[in-house]
Every structure is written in structure tokens, then in C-alpha cells.
Amino acid sequence: MKKWSKILLVIGFLSAESLFAQVIWEKNQYKVHLQNNVLSLFYSQDKIVEISSFSFNFIPVDTIIVEEVFEDSLILKLRLAEKDGFHADFPSEINLKITQSENTFHFFTSHQTFNHITVCLKDQNEHYFGLIEKLYPGNLKNPDLRGNVVDVDVYGLGNLDYAENYASAYSAFFISSQGYGSFFDTFAKGKYKLGIGGITEIYHQTGTLDWYIFYGPTGEKIHSEYYRLIGKPKYIPIWACGPIFWRDQNNGGKDELLTDIQKFNELQIPLTACFIDRPYSNGAHEWSKMDFSDKFAEPEKWIKKINNDYRMQVMTWIGPLTFSDSDFPGLFPDSRNYIDLTNPMALAEFERRLASNQYAVGIKGHKMDRADEHFPLTADWYEPVTETEARNKYVYLYAKTIDKFLQNAHGRDNFNFARAAFHRSQPYLSALWGGDSRNNWYGMAGNMANAIRCGFMGFPVWGNDTGGYLGEGKIDELLYMRWLEWGVWNGMFEIKIDGAGGSGEDRPPWKYSEQLQQVFRNVCQFRMEMLPYIYSCANTSYKNGVLMKPLAYMYPDDENTYTVWDEFIFGSAFLIAPVFSADNERQIYLPQGNWIDYYEPNKEYSGPLTISQSIPLERIPVFIRQNSIYVSGQIYQGNSKTWAGNLNGKENLIIHLYPGEINENTQFTYVDYLDGDTEKTMTLQHQEGKILFSSPAIPIPSVVRVTCSEKPQKVFYGGKTATFNYDKQSKIAEIACPQNRSIQLEIRY
């Protein structure tokens, strides 16, 4: 490390003594100030965060002295006010190391006597988002946690919640409207008091301060820093981006499953995957043997048929427990027999059963259930863990363990999604689903609010049980349509076609009207057309943020966005406003910028603006953000090959351009599934009198559709005049582009 001059060190010492604000460290535009034992982080002239105090075992630091300053870090001596009364070796002073890299500050210190660490931040009239998926406090859908106390600890009694059952994602991570993210890197349970009495208090029951501040100021930039620390979110295979269906109760076994698929085919409703929920196995709770029961006999045959005849993948339900079956090594001593995921013998047996019984016959992924409920907190682990960390770490290990099993069997061509999650799961968990929602308007709305909270926490792909989980299968047709119309814009689109435990009449589309069937078909066809966009967004979340972006995530300076739970930005181009009542009308808030009605492109709006719309049955409000790019087209087939024929040689890509104002520009990263998942940066610029677009070569024929207020005078492709078509009604100019040739377009008007 390069140590800075002694002059700066002297200044640093004076700062604590003189009680005047002093810059004690500076690099590029980042600075650390110290005044009256209060640390402040700055970016340029903007204060990011003000740290008013640190406490260890509830003993506050009363003096901060600068020890050493380096190019990328500094070491502060923290003097504690008194002993803690419990430990003879409780320190009178400790060193705190602050490191800065890219747009991240890291604070680290530890001592063997510490069990409780508290960081207090001065509240800058900011708003706080993240930490928890469930609708705490008070069943409120509002994602803004300002003024509330939040426990960060996986909750095992989700069945007692009112709006949703077992919405169980947690993270010691929040985003502030001040433009920063806070992450306390521990599995230990915590308590956050947010903007109360002028203070935000971060507390964890741990002996190590391992805390990060990420500067954005927008959500995607904050999460980009976060993922740089914890690792890239897990790769999402393209088949998992399409429509997925399932039943909760598979009484008819493989025959019922194959019949369902055939009926979807007869209705020409495209699908790419399905999954089989418990019960489907032998053993306790029809699961513990982790094989297929007689109802699903000869799995290698029917799974092969689904793969080959319908080009669909198959997944199964799993749980990290064996219920009443104790014939398994390394179980925690409890009536539900949770598996010790640190015990080598338990891990070997868990993988052996799944690999031989499931992966060997073609199972490609799992719905991961049950890690959150009834977990034995006081059990002794093979690798010891404190009680304060047990449930949170177990949820993380569950994701990491199953990811490893799947990777060993299938490489990265796998998908696992869970109800319970904790931070650092993102590299090992494909997606979250939002728990067991009620099958009514309240359940759907509650799940939307869950999705918004998960977005702030940095879980990139989220989905819900479209149609609801709790209750009987058959639901109101209007509710079903609205749920489908929202679900298609989820990160994961999975559709449940029966009731909880198979109760009541089931709800496959063939038991509804032709109108419902058409909506069902339309949303699934649309999902297939959007695969190039969804696949690209899902697999670039490490730098472009979560798929379902809350409005405050994108517009942190807009106070009107802080309480919005019923709208989101999908990727970066679309604003989605689902309908959560039978009224068929709603108000929609459009943030700053220009917005184009997706279905009626002649309607344009300039935000910030609130509008009211009457909503037709066949769609929900969708708007496209000006200065954006999205892609669509046919690049992958599931079961549609049975009625549409093979796609091979007929693939196509449509590149949609919505130029911004003059001198605005934007980019989109296209992950080219047909070219080895190469990331290709597409660039759109609007200059005086012309629109410029560039893209690396695409291996299939493509069409560029650019929105122009008037017919272009000329279009140039690679510097040469190109032909184009212009539709006056839609105001779209269309240019065909040959395959395997880089695209350089200039549209003059």
C-alpha cells in the first residue's frame, strides 16, 4: 500500500482534537470527513452518509483518532467509553480499517469479546427500502420503511401472516433515497431502526463489523457494486425464461402431467417447462426417498418424451428435510428431521439420492421449499454455528448446496427457485417465488408488494404462483386474466393450475371461457416473443440491476415514487402498471421522462405525471420509456414446435428503438443465445437531424424498428443508402439487416 504524506497524517490527528470538519482521506471524488468524532462520506460535494456513532456490546466509541492513511484505505483508532462489565479483556481501543474501491467503502473491525455491534447514521430525511420481503409492518404494501423497526432474521411462522404465507426473503441490505446502499455482511440476526428520532440504527448480534456502503446513486449502480462483492447472480437458462406450469397435487401422476401438456398443445398455448410438486416420491410425506413413486414410474421414459416431443424441461419440488424418516445420515434431532448441510455424510447422501433418482433421468431444476419453517435453531451443526446465525445461514447453504448438486449434474443448464432466501444467495439461486399467496385480489396485490421489496434487496429474478396458492383452484375469470397479464411481466412466469393441495375444482385454461383461453394464449405467446429481452436482462443483472425495478430504484430523487408498490420498470424499457381490482381502471404514475403507450403508440406522455386509464380486459397498462432499446423475436421453441414446426433456420430478431431527446443516448446489452451467449452492446444516439444505431453482428436475420415522429429523409446502412419502410400510423421506420454483419445505421430526418 502506498502511504500518504506525514502532513496529511498530522491533519488527521488534528481533526479529532480540534473539533473542526477535516478531510482525512481523499481519492478522486470520494472523501472522508471527521468532525466531533463523526465520520462523513462524500462524493464530490454531496454527502453520502454521516456516521454519528459506533457501539460494541452497546459501549459507544467516544474518540476517533486517525492512525494511518493510505492511497486506498485508512486506519482509525476507536477509543471506547468504558468496559462492558462482562469481559475482563474487553478492549479500551480498537482499530477500524476503512477501504475504498470503485464506488464502495468497506468498514472492518473485530474482537473476540464482541457480541453486539451497532452503527448509528444521522437521518438525512431519507427513505429506506429493502431488508425484508414480507409486508412488515402492519401488512402495508408501501415499500418505504422510514420510521419503522425491522428484524432481519428468517421468519419461521409465515403461516401467521395475513397477506401472504411464507414470503421469506431477507437481507442485511437496504437502499437509501440518499443514493447509497448499506450492506452488513453477516448471517447474524439484526434489527434496523430507520429514520427514528433523527437516527438510523443498524444492529447485528455479531462480533465482527463487516459493513459496506455502495454509492449509486441509482439502484442498478448500487447493485452493480453489491454484486461485484458477493458474486454475479446465477445464470438463467433460456427455457426457464418462458412460461412454466405446475400442479400442487399430482394425484394422476405422469399420465395427468402428459395429459395436461397435450391439452395445452391442443389450445396452442406455448410452454417451455413444468415442475412436479410434492407428493411424487416414496417415503415420509411422500418425499424422503427423493425418487419417483409408482404414479410416476419409469421417469426416464416420460421425461424423455416431454423433452423430445414437446421440447420442455422438467423440474421437481424438494425440501431439506425427511419429515418422519430418520433413515438418513446427519439429521438434526427434531421431528421434521432437517438435514445438516455442513455434514459431509449428509451432503453425500442428499446428492446421491437426487443425482441417481432425478438428475440421471433428466430433472433440470427444483422448487426449493421448507427451509424457513419449523427450523431447529438450537441444533448442533457438524460445523458449529451460533444460534443467531443458524436459520439465516441455513437458507444460504440450502441454495449453495442445491446449486452445486445441479451444477455437478448439468453444468449451468439448470434452474432452482426458492421461497426462503438470504443475502449472498444470489450466485446460487436462480429465482425467488413470493410464497403461498391467497387466490384473490388481496393475495395478488400482496405479492406485487413482495416483488418490489425483493427488487430493492437485489434478488434479480422474482416470480409468483400465477393464480394464487391458498384456497381452491377455480378462481374468478377476471382475476385470472389480470393475474396472467401481470405474471407475464414477472422475472419468472410460473402458472399454477390447481388449488392448494389440489383442493376444489382445478383451473387449467380448458375449464374456462374462450376469452380466458385467448388471454392465456396471448400472454404465453408474448412471453415467447420477449425471450431475447428477458434472457438478456436476466443474465446482465450483475451490471444492469434486477428485472422488476421499483420506481424509486430508478428515480431516487422523485419523492412520488417512494410509496409506489403497484408499478415497476421491467428491464429498463417498460413501465408496467398491473390491475389489482375488478374495477378495470386505475391511476398510473409516470416518472420524469417521456413515455409511449405500448398498445397505442400515438399516445405519448411527459412525466412526472399521474394519469387515469380505463383498462380493457385483454391487457394491462404498459408504457415504453423514450431513450430505450428492447429486442424481441423467435429464438427458442418449447412445445410450439408441435403445431408451428421446427424453428431451425427461421429464427429472427426485432430490435426496437425509441430515441430520446436530441443529445440523449442509451445502450442495451443483448445476450446472444444463438452466438454462445456473447454480450453485445447496442447503442442508440439522437443527434441534431439524425438518429444513430450500432450493434455487433447478429447471426440471424434482424429488423430494426425505430420510432420516428416523421418519415426519415434517408437511411444509411454502413455508410450506404438503405431501403426502408415507414408506417405513418405507428410512426415506425423499419430497416431489414442481414445476418452476420455488424449494424451501423444512420437515420436522417
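Residues numbered from 1 in each chain as written. Predicted model: local features only at pLDDT ≥ 70, side-chain atom pairs only at ≥ 80, totals over all residues. Heavy atoms only, no water.

**Student:** What is the right way to read the confidence of the model for the protein chain from this model?
**Tutor:** When pLDDT drops low, the exact placement of atoms in the prediction is not to be read closely. Per-residue pLDDT for the protein chain averages 95, and the proportion of residues at 70 or more is 97%. Contacts for the low-pLDDT stretch residues 4-19, under 50 throughout, to residues beyond four places or in other chains number 28 contacts. (pLDDT = per-residue confidence, 0-100. Contact = heavy atoms within 4.5 Å.)

**Student:** How should I be thinking about the pattern of salt bridges in this particular structure?
**Tutor:** Pairing is possible between side chains of opposite charge, provided their charged atoms come close. Applying the stated criterion to the full structure yields 42 salt bridges. Measuring nitrogen to oxygen at the nearest pair gives 2.8 Å for the salt bridge that ties Arg146 to Asp123. Separated by 23 residues along the polypeptide, Arg146 in the loop between strand 10 (128-132) and strand 11 (149-152) and Asp123 in the loop between strand 9 (117-122) and strand 10 bring together distant segments of the chain. Overall, the relative accessible area of 27% leaves Arg146 in the partly exposed class. Note that Lys511 and Asp506 form a salt bridge whose closest N and O atoms lie 2.5 Å from each other. Linked by salt bridges that have partners in common, Asp369, Arg370, Asp372, Glu373, Arg419 and Asp436 make up one network. (Salt bridge = Lys/Arg side-chain N within 4 Å of Asp/Glu carboxyl O. Helix = DSSP H or I, 4+ residues; strand = E, 2+ residues; numbered from the N terminus. Buried < 20%, exposed > 50% of the residue type's maximum accessible area, 1.4 Å probe, protein only.)

**Student:** Can you help me understand the sheet that holds strand 24 (residues 431-433) in this one?
**Tutor:** Sheet strands associate in pairs through backbone hydrogen bonding, adopting either a parallel or an antiparallel arrangement. The parallel closed barrel is built from eight strands, whose spatial order is 18-19-20-21-22-24-26-27. The mean angle between the axes of side-by-side strands here comes to 25°, regardless of whether they run parallel or antiparallel. (Pairing = 2+ DSSP bridges. Axes fitted to C-alpha atoms, helices over the stretch in contact; angles between N-to-C directions.)

**Student:** Can you walk me through the layout of surface pockets in this structure?
**Tutor:** In this approach a probe as big as a water molecule rolls over the atoms, and the regions it shows empty are the leftover space. For the largest pocket, the calculated volume is near 760 Å³. Taken together, 30 residues form the lining of the largest pocket, with Glu220, Met554, Ser572, Arg625 and Thr666 sitting closest to its centre. The set of elements that each furnish at least two residues to the lining of the largest pocket consists of helix 2 (219-230), helix 11 (541-544), strand 31 (585-597), strand 34 (628-634) and strand 36 (665-672). No other element matches strand 36, which puts four residues into the lining of the largest pocket. (1 Å grid on protein atoms, 1.4 Å probe; cavity = no way out; pocket = protein on both sides within 12 Å on 5 of 7 lines; lining within 4 Å. Points joined across faces, edges and corners; volume = space filled by probe spheres on them.)

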